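Observations on chain architecture
One letter stands for each residue in the lines below.
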Amino acid sequence: MSQRIVPTVKRKQIIELSESGRRMDGRTLTDYRDITIQTGLVEKAEGSALVSIGGTKVVAGIKFEVGDPFPDIPNEGVMQVGAEFVPFASPEFEPGKPDEVAVELARVVDRGLRESKVLDTSKLCLIPGKKVWIVHVDVYILDHCGNLIDTAALAALSAMLSASMPEACIEGDAIRLTGKRMPMPITDIPINVTLAKIGNKLFVDPSFEEEEVLDCRFSVAFKENGMLCAIQKGESGYITPEEVLRAVEIAKDKSQEIRKKVVESLKLKSDKVGES
Amino acid sequence: MSQRIVPTVKRKQIIELSESGRRMDGRTLTDYRDITIQTGLVEKAEGSALVSIGGTKVVAGIKFEVGDPFPDIPNEGVMQVGAEFVPFASPEFEPGKPDEVAVELARVVDRGLRESKVLDTSKLCLIPGKKVWIVHVDVYILDHCGNLIDTAALAALSAMLSASMPEACIEGDAIRLTGKRMPMPITDIPINVTLAKIGNKLFVDPSFEEEEVLDCRFSVAFKENGMLCAIQKGESGYITPEEVLRAVEIAKDKSQEIRKKVVESLKLKSDKVGES
Amino acid sequence: MSQRIVPTVKRKQIIELSESGRRMDGRTLTDYRDITIQTGLVEKAEGSALVSIGGTKVVAGIKFEVGDPFPDIPNEGVMQVGAEFVPFASPEFEPGKPDEVAVELARVVDRGLRESKVLDTSKLCLIPGKKVWIVHVDVYILDHCGNLIDTAALAALSAMLSASMPEACIEGDAIRLTGKRMPMPITDIPINVTLAKIGNKLFVDPSFEEEEVLDCRFSVAFKENGMLCAIQKGESGYITPEEVLRAVEIAKDKSQEIRKKVVESLKLKSDKVGES
Amino acid sequence: MSESKIERLISEDGIRCDGRKLDEIRPIKFQLGVLKNTDGSAYVEWGRTKILVGVMGPRESHPKHLALSDKARVEAYYRMASFSVEEWKSPAPSRREVELSKVIREALEPAIFVEFFPRTSIDIFIEVLQADGSTRCASISAASLALVDAGIPMRDLVASIAVGKVEGKLVLDVQDKEDKAGESDMPMAYMPSKNAVTLLQMDGQITHEEFLQSIELLKKGCMEVYKKQKEAIENHFKSAVSNGEEA
Amino acid sequence: MSESKIERLISEDGIRCDGRKLDEIRPIKFQLGVLKNTDGSAYVEWGRTKILVGVMGPRESHPKHLALSDKARVEAYYRMASFSVEEWKSPAPSRREVELSKVIREALEPAIFVEFFPRTSIDIFIEVLQADGSTRCASISAASLALVDAGIPMRDLVASIAVGKVEGKLVLDVQDKEDKAGESDMPMAYMPSKNAVTLLQMDGQITHEEFLQSIELLKKGCMEVYKKQKEAIENHFKSAVSNGEEA
Amino acid sequence: MSESKIERLISEDGIRCDGRKLDEIRPIKFQLGVLKNTDGSAYVEWGRTKILVGVMGPRESHPKHLALSDKARVEAYYRMASFSVEEWKSPAPSRREVELSKVIREALEPAIFVEFFPRTSIDIFIEVLQADGSTRCASISAASLALVDAGIPMRDLVASIAVGKVEGKLVLDVQDKEDKAGESDMPMAYMPSKNAVTLLQMDGQITHEEFLQSIELLKKGCMEVYKKQKEAIENHFKSAVSNGEEA
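Residues numbered from 1 in each chain as written. Chains lettered and ligands numbered in written order. Predicted model: local features only at pLDDT ≥ 70, side-chain atom pairs only at ≥ 80, totals over all residues. Heavy atoms only, no water.

1. Notes on the overall build of chain D
For chain D, the helix and strand inventory stands at 4 helices and 9 strands. In chain D, the succession of α and β elements from N to C terminus is β-β-β-β-α-β-α-β-β-α-β-β-α. What you see for chain D is a C-alpha radius of gyration of 18 Å, in line with the 18 Å of a compact globule of 247 residues. Taking the principal axes of its C-alpha atoms as reference, chain D extends roughly 55 × 40 × 35 Å. Counting only contacts in chain D whose residues sit at least 6 apart along the sequence, the fraction spanning at least 24 positions is 68%. (Helix = DSSP H or I, 4+ residues; strand = E, 2+ residues; numbered from the N terminus. Rg over C-alpha atoms; globule rule 2.2 N^0.38 Å. Contact = heavy atoms within 4.5 Å.)

2. Examining the overall build of chain A
Scanning chain A from N- to C-terminus turns up 5 helices and 12 strands. For 276 residues, the compact-globule estimate of 2.2 N^0.38 gives 19 Å, and chain A sits close to it at 20 Å. With the C-alpha coordinates aligned to their principal axes, the bounding extent of chain A is approximately 70 × 45 × 35 Å. Long-range pairs, those at least 24 residues apart, make up 69% of the contacts in chain A between residues at least 6 apart in sequence. Only carbon and sulfur atoms are counted for the fraction: they give 51% of the accessible area of chain A, which is about 11000 Å². Averaging the locations of the 36 positively and 43 negatively charged side chains of chain A gives two centres separated by 2 Å. (Areas by Shrake-Rupley, 256 points an atom, 1.4 Å probe, with all protein chains shown as cover. Lys, Arg positive; Asp, Glu negative; His and termini not counted. Charge placed at Lys NZ, Arg CZ, Asp CG, Glu CD.)

3. Section: the pattern of salt bridges
In total, this model carries 152 salt bridges over all chains according to the counting rule given. Close ionic contact of F:E99 with C:R107 constitutes a salt bridge, the shortest N to O distance being 2.4 Å. On the criterion of chain membership, the pair formed by F:E99 in helix α1 (residues 95-108) and C:R107 in helix α2 (residues 100-115) is interchain, its members lying in two chains. D:R59 serves as the salt-bridge partner of D:D123, at 2.9 Å between the closest nitrogen and oxygen. Here the residue D:D123 occupies a position in strand β5 (residues 120-130), and D:R59 occupies one in strand β3 (residues 49-60), the gap between them amounting to 64 residues. Judged by relative accessible area, which is 26%, D:R59 ranks as partly exposed. One network of salt bridges, with partners in common, ties together A:K44, F:R16, F:D18, F:R20, F:R26, F:R48, F:E86, F:D132, F:D173, F:D176, F:E178 and F:K180. (Salt bridge = Lys/Arg side-chain N within 4 Å of Asp/Glu carboxyl O. Buried < 20%, exposed > 50% of the residue type's maximum accessible area, 1.4 Å probe, protein only.)

4. A look at the environment of F:M80
One can find F:M80 in strand β4 (residues 73-80). In this structure the C-alpha to C-alpha distance between F:M80 and F:T38, which are 42 residues apart in sequence, comes to 19 Å. Once residues within four sequence positions are removed from consideration, F:M80 is found in contact with A:Y140, F:V85, F:K89, F:R96, F:E97, F:E127, F:V128 and F:A131.

5. Considerations on the sheet that holds strand β3 (residues 49-60) of chain E
All names here are of chain E. Strand order in this open sheet of 5 strands is β1-β2-β3-β5-β4, and the pairing throughout is mixed. Lying at the two open borders of the sheet, with one neighbouring strand each, are β1 (28-32) and β4 (73-80). Within this sheet the neighbouring strands show an average axis-to-axis angle of 15 degrees, counted without direction. By the bridge criterion, 8 bridges tie β4 to strand β5 (residues 120-130) in an arrangement that is parallel. For R73, the partnering residue across the bridge sits in β5 and is S121. (Pairing = 2+ DSSP bridges. Axes fitted to C-alpha atoms, helices over the stretch in contact; angles between N-to-C directions.)

6. Regarding the interface of chain C and chain F
Across the boundary between the two partners, chain C contributes 42 residues, which contact 44 residues of chain F. For the pair chain C and chain F, the two sides together bury roughly 3700 Å², of which 56% comes from carbon and sulfur. In this structure, the connection of chain C to chain F is made through 5 salt bridges. Of the charged contacts, one joins C:E100 and F:R105 as a salt bridge, the two residues approaching to 2.8 Å between their closest N and O atoms. If you look at where chain C meets chain F, you find 19 residue pairs in polar contact (both at pLDDT 80 or more). At the level of elements, β4 (78-85), α2, β11 (216-222), β12 (228-234) and α5 (241-265) of chain C are the ones that each hand at least two residues to the side of chain C that touches chain F. The element contributing the most residues to the side of chain C that touches chain F is α2(C), with 8 residues. Here the residues of the side of chain C that touches chain F are counted per class, giving 18 nonpolar, 9 polar and 15 charged. Two strands pair when backbone bridges link them, and β12(C) and strand β9 (residues 196-206) of chain F are joined in this way by 4 bridges, in the antiparallel orientation. By the bridge assignment for β9(F), C:I231 is matched with F:M202. (Buried area = accessible area lost by both parts, 1.4 Å probe. Polar contact = N/O pair within 3.5 Å; in protein donor to acceptor, adjacent residues only side chain to side chain. Nonpolar A, V, L, I, M, F, W, Y, C, P; charged D, E, K, R; others polar.)

7. Focus on the packing of aromatic side chains
The final tally for this structure, using the stated rule, is 21 aromatic pairs over all chains. Arranged with centres 4.2 Å apart and planes meeting at 25 degrees, the rings of C:F85 and C:F93 form a pair that is stacked. As far as the burial class goes, C:F85 and C:F93 line up, both buried. Note on E:F113 and E:F116: the rings are 4.8 Å apart at their centroids and 15 degrees apart in plane angle, and the pair reads as stacked. (Phe/Tyr/Trp six-rings, centres within 6.5 Å; stacked < 30°, edge-to-face > 60°.)

8. Notes on helix α3 (residues 148-161) of chain C
When the terminal C-alpha atoms of α3(C) are compared, their 20 Å separation across 14 residues agrees well with the 20 Å that a helix rising 1.5 Å per residue should span. α3(C) sits mainly inside the fold: 14 of its 14 residues count as buried. (Expected span 1.5 Å × (residues − 1).)

9. Re the interface of chain D and chain B
Counting from both sides, the interface comprises 33 residues of chain D and, opposite them, 28 residues of chain B. Between chain D and chain B the total buried area reaches about 2500 Å² when both faces are included, carbon and sulfur atoms providing 62% of it. Interface area lost by chain D to chain B is led by D:N37, D:F83 and D:W88, which between them contribute 29%. Our count for the contact surface shared by chain D and chain B stands at 4 salt bridges. Its salt-bridge partner being B:E43, residue D:K50 comes within 3.2 Å of it at the nearest N-O pair. Applying the counting criterion to the chain D and chain B interface returns 16 residue pairs in polar contact (both at pLDDT 80 or more). Among the secondary structure elements, those contributing two or more residues to the side of chain D that touches chain B are β2 (40-46), β3, β4 (73-80) and β5 of chain D.

10. A short note on the confidence of the model for chain A
Mean pLDDT over chain A works out to 92, with 94% of the residues at or above the 70 mark. pLDDT under 50 marks residues 271-276 of chain A. Its contacts with residues more than four places away, or in other chains, come to 12 contacts. (pLDDT = per-residue confidence, 0-100.)

11. Regarding the nonpolar core
The nonpolar side chains of a soluble globular protein tend to be buried with one another. In this structure, A:L113, A:L154, A:M160, A:F218, D:I124 and D:L200 are the most contacted members of the largest nonpolar core, which totals 143 residues. With 11 residues, helix α3 (residues 148-161) of chain A is the largest single contributor of residues to this core. Beyond its immediate chain neighbours, meaning those up to four positions away, A:L113 contacts A:M79, A:V81, A:V118, A:V137, A:A156, A:L157 and A:M160. Listed in part, the 136 residues of the second largest apolar core include C:A102, C:F222, C:I250 and F:A150. (Core = buried A, V, L, I, M, F, W, Y, C linked by side-chain atoms within 4.5 Å.)

12. What to know about the side chain of F:T38
Along the chain, F:T38 falls in the loop between β1 (28-32) and β2 (40-46). Side-chain polar atoms of F:T38 contact the backbone oxygen of F:G40, separated by 3.2 Å. Apart from the residues lying within four places of it in its own chain, the contact partners of F:T38 are A:F88, F:G54, F:V55 and F:M56.

13. Re the environment of D:D132
Mapped onto the elements of the fold, D:D132 is located in the loop between β5 and α2 (135-149). When the C-alpha atoms of D:D132 and D:K177 are compared, they prove to be 7.9 Å apart, with 45 residues separating the residues in sequence.

14. Side note on the sheet that holds β5(D)
All names here are of chain D. Spatial strand order, β1-β2-β3-β5-β4: 5 strands in an open sheet with mixed pairing. Here the strands that pair on one side only, and so sit at the sheet edges, are β1 (28-32) and β4. Here the strands of the sheet are splayed against their neighbours by 15 degrees on average, with no regard to which way each runs. Sheet analysis places β2 next to β3, joined by 7 bridges and oriented antiparallel. The partner of S41 across the bridge, within β3, is G54. Its contacts with the sheet put helix α1 (residues 95-108) on β4 and β5, and the angle it makes with β4 is roughly 140 degrees.

15. Details of the pairing of β1(E)
Successive residues of a regular strand alternate their side chains across the two faces of the sheet. Residues and elements named next belong to chain E. Residues of β1 alternate between two faces, with I28, F30 and L32 buried on one and K29 and Q31 left unburied on the opposite face. Strand direction decides the pairing type here: β1 and strand β2 (residues 40-46), joined by 5 bridges, are antiparallel. Among the inter-strand pairings, K29 is bridged to a residue of β2, identified as E45.

What follows is the structure, encoded as structure tokens:
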């Protein structure tokens, strides 16, 4: 039998501390831990980024592949998002066990990118109806100290923003790579912000120990223009509609803060994105 | 260790009762339980049927797909039969465990349909040697109260009999669906009849409790013209050659009875089938 | 918990006996057990061989299939080597469990054949860039009494040496088989020799009981011209560089002995191989 | 997605392609106790969406090492029949089915008194016979009834519905056609008496203002589903009593 | 199926393409005790069909929770080598192999005194090296001998053979070519001393009259196989004795 | 393999395409203690090859029946990230990854005092972030350091390197380009203080004379890697002490 030592003592501590607006690691309820973004680590990938939020570490890589379009959108490229839990990231990850947590993570990261139309897939068509670029966006969880969704989303985004794509030349039915590179057709910088509900408080960017005692998780992604582009409530607790509204308000502010960080880290001309 | 409470007491009761030609649920040895056939439940499928025999409930659906022919029969469509055990159908079915019982069920249903040539696959060719219709016939076991084979076979058959197929228009190498529907090329109404051997008696349409104590199962399928088109003995007991002959005699009668029921339920003009 | 009765007593016996140059089954340290090679057992395969070394028995079969070339070598056929452990070969093999031991075995056999260029894949192209012969070389372990690698490698080699391939006729984009057979483009007779290190002695062709107590396994393959074409150290012990050199010396001699045996068994004109 | 955009999904006077008003839900028909081999079951027809739910448990956990010492282990299995969608679907669970199984479980577990049944399992099996939009909402709503049918004590029923944005307008209870052509989809699951949101997801793009409106619309929609759930329970037990048998 | 129909499989005077009469079985060669690491084994060459069978057990069940408290658990694993058939076959078990494993187990289990060995497993591993028709019959017949070789007490040997309908005529012991071109295939397994049919299957189309004739022909064929099985056992134990060793 | 042979990989004065001499190794940078959730970890940049290794254990074996009564059970899992190679790689482990996991485990286990930790597991997880040749050598060398970081007692460090034959010449520490165009690849793992070869493989064709030279070159190369490993350990514990914390 699985021995779940319900960390009731720790939960009590965390809630008590939160009454005075503070957390175990010294943060306020709306603080993120330190965020670092390093791009270009994997030179063989079309784009890559190593992102950490506090101790949580995720690497993302982008690979291009020539493939078939979906029959219903024959002139658009395909973006495929995958998430892998490297077993050394946490004692709880077992090798080779595809897990609903990894599936959910991949799909939430995917939706954040896809629904904001971060990638203009109409520009990834090679031979209409026949061949398109498949863009693989894979995130690998290297160290799990809480808030995987935001870290993974940020890694995937940073890898895409820093990526260049192969230039292809179409000669009849043949696709020839010129060996040159061109920028990716990126149109937005969507940012995902996750909060934990513990007791009746909301904790931005929950740490591992906060996640162990949370009621539920709430993630929301914002486009540059402030529109919401993805929401995901997670875990087996509940949240009130009023808390949802509050969470969205907080997340909106934090998303702008993080987007600024991304723009600075990647030395993007923020206004340039959106034109592609 | 698996605790098999061998139901010896129940077996004794069932055998004793059968001496006077009766069964636990009041039937004679050659009675079927009530049979109901409801078609058209799944409008999105090309054909569908919900069939119950007593408490046993199976839904079948037909889907068409354009696909490649088998190399050795390049001008014929392909029929693929699958069987899924929905875990709520029985406490013994586990989620996601593909099981030899499901495989046997699918293959027995398949043979009953295939060997009777119920579907004229030569009429399912789209582009000779290149593209044909793949006809998926999938049965889902919803409630298991005994005699899955007959119920599943009847559900698959009823779904096929009630199905219509998409009309396709070939323009060069392109296949265009007109949006219209046309009847399926059905050529027979094969009926499968299953008996259980318990002691030295044969029980038509065994119930779940009869199946728990049976020696073996014997299934035989008949075409409209009375020819046998499939036999399957099942389970780890034996049957004598004499009992086999007796079982076939009984099954032949029952198959006609059930075929009549099918024709009435589906309002088929029985004589029309076979012409297609 | 897995009960590993470490056979320390047996190990001690084996080492003591080896001091006087002898082994439990009467062999010297450099003797192979009896080798038998029977080809042509499976007439339906393009080539087949049943090889035994002592009690170890392996059957190999060759099948040809038309398939796609690898994109980076578009004008060469493809050789695929597989290894299956039939569960009756050893009480330790479980049905359906793909095992790292089988994977290693297949890859070591593969490398022995591939690196010696035993098969001239450039002669297996059908339609340049489009269709080539896929040559399946599958070994099935039937009885495991030690030294699987050498037995499997010898079975695979013998099957290839005894194989003939289908003659194909290219008519435009169509491939027609003439029904005739032609010899395989074989260019070498690589031989794999395996030694076990037990204590500070090297044992050629280890038996099952020797394998149970070995420190490590060392396999090396030689081409006809004496060049080394594959090495694999195995198991969780070590070997010194000096022992490695000694092992290679011994193996070189043994490889010539076994090659002679192969040539005789298959009635090959040894000088003919290498011309193809 | 392949729907031609020329076909309007909402008419100028705010009527949707199936005749509904913007905030009108589809006809919903719940039925309890429809399966014989489960501890509880329910069937729902929600427009053309048709789903069967069976509950097994509380029962011994299998394998045992997965049992929890302080509460029941709840699992949900959301599966679509191969013929339930436009294109034939392989029976192997897709990543979508895996994720939906997880969020459905998380939507239902807060409603169950899991602490009453330590060391046991409660398995919720969902089979979508026909999918025409909002299958997760219909699944959650029907599963609540199957849990009631199984006699498992609940804090409240979980009612669920989705709001979508179609041609710039918020619409309640999106069907498949609207979902595919629409700009967003936002399903919510809600326990009214607890004011508890147990599922909330969103795809697509909406403004903050639309988000606020959506939440209101979702609450209204959930209350309507909740009412239908209660009626279904009442009818079920009434007929059980009149039949002189246990439900 | 790709066989041209112009080639006649049965000549006018009732001789089949391999020279046999309609009710004549192929040359069958059984051999016991062919493997070293099993508890029992057998090899059969049945025409060009070649099959190895190994039996492990009775031995401790693994995993333990599958053990049965009142009898041995019998499992059969029927597998075809990748090179055993015309086209290369992937080693992953096909649905056909899964079904055949089941019916072969069910054909053999009635012959074994399983009640003598509660809590144990008896595993029957079958490897088809070359398939030329009637592989399930050859497997069952050879597995019976492997069980004998393993010293497992049996009620009787199980003998098995198939009848087919080819060009309108019933023929005994169908080979691959006849099976593929033929109108039906009907394998049976039989314990003569018990008058017990332990396997019976049929594919294709036959009249009631042909069915009755087939059963008779199958009984005759099984008796011939049975005789060959007994001879093989006798030869095996005779040579074991003359070698002064245990079989 | 698709490399055009016209491009020379070694210049006339014996300089390789990346500027190295024939017996010169690439820049190697080891770092210990890079992960938070492991018992020990290491990161290596070996030319452009980049690998992370995490060690978990000694810890309770799971599942328990795999535990060994007389020693720790060592497992290695070598995996390549999907983006680590030229073409996108499916995350499902390939046969190559399975074999490499085995030989890496067998290269490391002789160095570990496994007999100190009966009934436990030591799991070595290797993630290749970028592969540019010699990934197994880099993995083994880095894993040795991760084991040290985990405080697991070792007989010696295992240092590993490969020799290749390129354009007829033996070269030390092959990178990807040389491996693919080269005539052979021969990786070795070595515990210098024990004079113990724990891994040795070879692909390709070499003469006996070249084989003898390769072994010498490999020993020299391993000694250089060994030196770098020791430096990395020293630096790590020095900085740990200066930070006043446990490594």
